[in-house]
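Structure assessment
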Amino acid sequence: MKDDNNIFHYTGMGLVGEQRLDYAQNKTLAHSKENGIEVHLFEVFEPKKYVYQGVVELADDPYQEEQFDKNGNLRNVWIFPLKLRDYRNPVTINEEQFKAREIARKQVS
């Protein structure tokens, strides 16, 4: 999800159970300012179709919120506030992609 400040609130990795900040890609992303790994953001508006947004960096510290996992169980997830390094050339999406994204968001809520 993107807010009014052009910050993407990316949900961490892990589909079932509590997410951990010290494991796999979540750890890499949480320490991306120090580890020198460049992070690229792709968004999915339709199944199996990825839209490249660009290189991103952490805009703030990761935080936790409650979300349902793929089995419908409430759990804590990590959210990573990300911003594009170069926002001069934002990627635009068509109306069909926008509607698909909004439907997907409502299903998660």
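Thoughts on the pattern of salt bridges
Scanning the entire structure with this criterion turns up 4 salt bridges. Residue Asp22 is joined to Arg20 by a salt bridge in which the shortest nitrogen-to-oxygen separation is 3.0 Å. For Arg20, a relative accessible area of 48% puts it in the partly exposed group. Taking the shortest distance from any N to any O, the salt bridge between Glu57 and Arg85 comes out at 3.3 Å. Remark: Arg85 occurs in the loop between strand S5 (74-84) and helix H3 (95-108) and Glu57 occurs in strand S3 (residues 49-58); sequence separation between them is 28 residues. Judged by relative accessible area, Arg85 falls into the partly exposed class, the value being 49%.

Here's the deal with the packing of aromatic side chains
Overall, the coordinates contain 2 aromatic pairs when judged by the stated rule. An angle of 45° between the planes, with centres 6.4 Å apart, marks the rings of Tyr10 and Phe80 as tilted. Placement of the pair is Tyr10 in strand S1 (residues 7-11) and Phe80 in strand S5, with a sequence separation of 70 residues. Overall, the relative accessible area of 0% leaves Phe80 in the buried class. Aromatic pair Phe42 and Tyr52: ring centres 5.0 Å apart, planes at 55°, arrangement tilted. Here Tyr52 lies in strand S3 and Phe42 lies in strand S2 (residues 39-46), a separation of 10 residues in the sequence. A relative accessible area of 48% places Phe42 in the partly exposed class.

Side note on the pairing of strand S4 (residues 63-68)
As judged from the 6 bridges shared by S4 and S5, these two strands associate in the antiparallel manner. Across the sheet, residue Tyr63 finds its bridge partner in S5, namely Ile79. From the end of S4 to the start of S5, which pair antiparallel, there are 5 residues, and Gly72 there has a positive phi angle of about 85°.

Rules behind the numbers
Residues numbered from 1 in each chain as written. Predicted model: local features only at pLDDT ≥ 70, side-chain atom pairs only at ≥ 80, totals over all residues. Heavy atoms only, no water. Salt bridge = Lys/Arg side-chain N within 4 Å of Asp/Glu carboxyl O. Buried < 20%, exposed > 50% of the residue type's maximum accessible area, 1.4 Å probe, protein only. Helix = DSSP H or I, 4+ residues; strand = E, 2+ residues; numbered from the N terminus. Phe/Tyr/Trp six-rings, centres within 6.5 Å; stacked < 30°, edge-to-face > 60°. Pairing = 2+ DSSP bridges.

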